[in-house]
Amino acid sequence: MKFDCIIIGGGISGLTAGIRCAKEGLHTAIISSGMSALHFSSGSIDVLGYLDNTVVYKPFEALDTLTGTIAQHPYTKCGKPLIIEALQFFKQECETQNVYLFDNENLNHFHVTALGTLKPTYFSQRSVFNEDVYNRFKRMKKIVIINFEGYRDFHPQLAAAQLSKHALFANCEIVAKSIEMPQIQNLSRHPHEFRSIDIARIFEDEEYVYKIADAIRLAADGADFVVIPAFMGIHNFNQIHNIIQSRTRLLVYEVPTLPPSILGLRIDNALKSRFAQLGGVFVAGDKVVRAEIKDDVVQAVYTANHPENPLEAKFYILSTGSFFSGGMVSEFDNMYEPVFKLKLHFEPQRNKWYSPQFFYSHSHPFLEYGVVTDENLRPYDSKNNIIQNLYCSGAILAHYNPIREGCGSGVAISTAYKAANQIVSLYKLMR
Amino acid sequence: MIKLENISFDHCIKCTVCTIYCPVARVTHLYPGPKQSGPDTERLRIKNPELLDISLKYCSNCKRCEIACPSDVKIADIIQTAKWRYSKKEFRIRDFLLSRTDLMGTFGTLFAPVVNFFTHLGIVKYFLDLVFKIPKGRTFPNYASMTFKKWFKETRKYQNKYLEKVVYFHGCYVNYNYPQLGKDVVKVLNALGKGVIITKEKCCGVPLIANGYIKKAQEHGRHNIKVLSKALPDEKTKIVSASSSCSLALKHEYANLLELDNSPIAHNIAYITQYVLEEFENGNIPKLKPLTYTVAYHSPCHLERMGNVAFTIELLRKIPGLTVKILHSECCGISGTYGFKNEYYAISQAVGNELFKIIEEANPDFVVTDCETCKWQIEMNTKYRVVHPISLLAEAIE
Ligand SMILES: Cc1cc2nc3c(=O)[nH]c(=O)nc-3n(C[C@H](O)[C@H](O)[C@H](O)COP(=O)(O)OP(=O)(O)OC[C@H]3O[C@@H](n4cnc5c(N)ncnc54)[C@H](O)[C@@H]3O)c2cc1C
Ligand code: SF4
Ligand code: SF4
């Protein structure tokens, strides 16, 4: 098959690049072997949460410091104006699919994690953060954290205890509660077998959502603010959030749960349907295993299901993610990028890859390993030659640390946008 | 003994992503979902087959879980194997008949008018429901009065005119129920300058696997591998099929599930749209007249699993004048013989509802899909006619 642009990897980065290319009229395909990190993420988009181990409130100011000090950082290669444009683009594209992201007027905000810690982030879905939460926060007297009886992937007591320790909540009472699942027909399974997805589907059902709202109101017992695990639907989340808030007359706030993440799933759905709407071809469940390169130009890629049928394009983007998604592979004493065998940045000695403490404040060095690129995000092959028509974006890139800097999705979106921009202008020149 | 190549269950990272995408788990709480029925309980079953939880019977083998899994766990294969390896097999005349597509087909085509008349009668449906546990709401595909094979006899002599050949695995459905699709395939291949070879094939085995007749399926598999490889004039010649499930069986299930050596044919098998598209891209394009329809394309589960959907979509886009609306990928619910059984009928219908809804919303002239059972299911549940992409292409060929 022949395309203008082939993107390998359909995570947040590959999809953003795909939408940008398809929207500009390029015949674009995304090939993705399995579901991406979005299914494990909070669904909030971190741009720059920490710098020198302190929380960042003004990400675009901190960005100047960061790009001024780390020349190799993907953000430095993108530059601030492009990053801002990329984030706006992402927000608008999500809106076309009814996912509304709240950005707190260019400041970071905190979202609550399942363990009750606070994480600085840039965009959140409106059920997680919005102006009402912001405005009412200072006057808040009582917060109730609610779980559904039997659901094992969320522990409201733990979240409440952790949250109470935080200075921001010094004047606020935080209570943990549990409510019973409404009686469901044919429910032969015990709720402890339910995962977030099962409960989110119950919320989608008109028959139950009112009963759930009533149970929440009862449990709230005079609180201003109710926190529940992110169960408020997979497709009709805006409507469900409205129903529950108007029926309880409370602010209801979602926290991301253990995987599968419903908040991440909503973004994944939105980006995929947007890409399809723009005429993009998404090949799910197939893996690119090999590439053919001639004179530093990628000629074709081949997949596991079709090892003999070339997939050809003028341009390629590699957004296969980090080790977790298979974008890079580590062996006992080696690391490599499996598709193109690209030049990587990493320490050869295994004991340098990680810190002995799991929760080390400087995070683990391996998170900074990845593909080395030029300033245009083009990678080098094993002989140190730039591959002319290949760009890299997202978690596969080296020289940034998504955990320590709190910048995972921000880098994924910005680098995707930059890669796609270059392809789009070259494509237009060629025509 | 666990074979080393069968430990994909051990790659499971317990992320539950598969369960999100399982259409059966979506509609019923009776089914705990792929994670639990597949990799989770596989460990227990290996220890002690008595620990089999029979709720895994609800799996329809659509394979959507495998497409979603980030760790490449062969979830549906694990579940199918467990079904026949560990569960006690009780003989059911219905399952026997539903899985013997060649036997039923031979009978059905012989007495086509009578059989078609009876299978549409309310009283017969009532009887089937009562005795065979075949849901009375289900409509049956009609049988043709002349098999594809018989028709092909007439055209065989013309096929020799062509220098280059393609082996065509037509499958039971084309032979007994819908020879027109087979004729369309022959027309398209001829228009590309290829002569068609057909063999003494047997049912690919998919319904046998689904009903637990593994030995019989292996027998069919061995036979097909033999006759198809013998029919290949040279290494390069392709074996095409226009049924997504037959292709999946020949290419994947024979090796992965039935543990047969399909290497003599594996490299030659191509799903038809992939073969035709590649010919088009190499410049071998017959003259096409514009078709000014608006169609909705539904991607069948097994075509998705083979990573072949893009080929069909790209091929449809090559037909001038055609407007193609790509439907969001959803399972139609029938999953072969699954939707023909009382105990799964309600689930099968509930699974399909999502798809029926989006078809109605798309409001096309008709629906296009690659799979025969999807066709039955969609035609039974919506007001739309369902056409195979190759039939559409055949129509565009002057
Ligand atoms: C558990 C977890 C939680 C996170 N939480 C947050 C968060 O809350 N907020 C935030 O901002 N960031 C978060 N991040 C970081 C951020 O999500 C990632 O940096 C970002 O999602 C990376 O996106 P990506 O598209 O580059 O890669 P991925 O999302 O990893 O996607 C890569 C895709 O490529 C596919 N692929 C791999 N190899 C191949 C191949 N050879 N052929 C075809 N396809 C292939 C994979 O299957 C996968 O679908 C989190 C990351 C993880 C791992
Ligand atoms: S998607 Fe794969 S890795 Fe995740 S739970 Fe299912 S089988 Fe395990
Ligand atoms: S094959 Fe289909 S029905 Fe069976 S577990 Fe997987 S997704 Fe569910």
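Note that the coordinates shown come from a computational prediction; the quantities given were computed from them, not determined experimentally.

Undergrad: Just checking my understanding: could you explain the domain arrangement of chain B for this structure?
TA: A common measure of how large an interface is: the accessible area buried when the components associate. Residues and elements named next belong to chain B. Under the domain assignment used here, chain B contains domain 1 (8-86) and domain 2 (286-396). For domain 1 and domain 2, the distance between their C-alpha centroids amounts to 27 Å. Counting from both sides, the interface comprises 16 residues of domain 1 and, opposite them, 16 residues of domain 2. Taken together, both faces of the contact between domain 1 and domain 2 bury some 1,300 Å²; the carbon and sulfur share is 58%. When the area that domain 1 buries against domain 2 is broken down by residue, the three leading residues are Arg 26, Arg 64 and Ile 67, summing to 36%. The tally of links from domain 1 across to domain 2 stands at two salt bridges. The residue Arg 305 makes a salt bridge to Glu 66 at a minimum N-O spacing of 2.7 Å. Here domain 1 is connected to domain 2 by seven residue pairs in polar contact (both at pLDDT 80 or more). If you list the elements that add at least two residues to the side of domain 1 that touches domain 2, you get helix H2 (23-27) and helix H4 (64-68). Per element, the largest residue contribution to the side of domain 1 that touches domain 2 is four residues, and it comes from H2.

Undergrad: Explanation requested: the site of ligand 3 in the structure shown.
TA: Residue and element names in this part refer to chain B. Surrounding ligand 3, one finds 14 residues, the nearest of these being Cys 22, Cys 59, Cys 62, Lys 63 and Cys 65. Secondary-structure elements contributing two or more residues to the shell around ligand 3 are H2, H4 and helix H5 (75-86). For the shell around ligand 3, the per-class residue count stands at ten nonpolar, two polar and two charged.

Undergrad: Is there a simple way to explain the sheet that holds strand S1 (residues 2-8) of chain A in this structure?
TA: Paired through backbone hydrogen bonds, the strands of a sheet run either parallel or antiparallel to each other. All names here are of chain A. The strand order across the open sheet built from five strands is S13-S2-S1-S16-S21, with neighbouring strands paired in parallel fashion. Among the strands making up the open sheet, the edge pair consists of strand S13 (281-284) and strand S21 (390-392). On average, each strand axis in the sheet is tilted by 20° relative to the strand beside it, whichever way the strands run. Pairing of S1 with strand S16 (residues 312-318) involves six bridges; the strand directions are parallel. Within S16, the position partnered with Cys 5 by the bridge is Phe 315. This element, helix H11 (residues 408-430), spans S1, S16 and S21 of the sheet and lies at about 160° to S16.

Undergrad: Any chance you could explain the domain arrangement of chain A here in plain terms?
TA: All names here are of chain A. You can read the domains of chain A as domain 1 (2-97 + 265-430) and domain 2 (114-255). Averaged C-alpha coordinates put domain 1 and domain 2 at centres separated by 33 Å. Tallying the contact residues gives 17 residues for domain 1 and 18 residues for domain 2. Surface buried jointly by domain 1 and domain 2 totals about 1,400 Å² across both partners, of which 56% is contributed by carbon and sulfur atoms. Summed over the shared surface of domain 1 and domain 2, the result is two salt bridges.

So, how was this worked out
- Residues numbered from 1 in each chain as written.
- Chains lettered and ligands numbered in written order.
- Predicted model: local features only at pLDDT ≥ 70, side-chain atom pairs only at ≥ 80, totals over all residues.
- Heavy atoms only, no water.
- Domains from an automatic or database assignment.
- Contact = heavy atoms within 4.5 Å.
- Buried area = accessible area lost by both parts, 1.4 Å probe.
- Salt bridge = Lys/Arg side-chain N within 4 Å of Asp/Glu carboxyl O.
- Polar contact = N/O pair within 3.5 Å; in protein donor to acceptor, adjacent residues only side chain to side chain.
- Helix = DSSP H or I, 4+ residues; strand = E, 2+ residues; numbered from the N terminus.
- Near = heavy atom within 4 Å.
- Nonpolar A, V, L, I, M, F, W, Y, C, P; charged D, E, K, R; others polar.
- Pairing = 2+ DSSP bridges.
- Axes fitted to C-alpha atoms, helices over the stretch in contact; angles between N-to-C directions.

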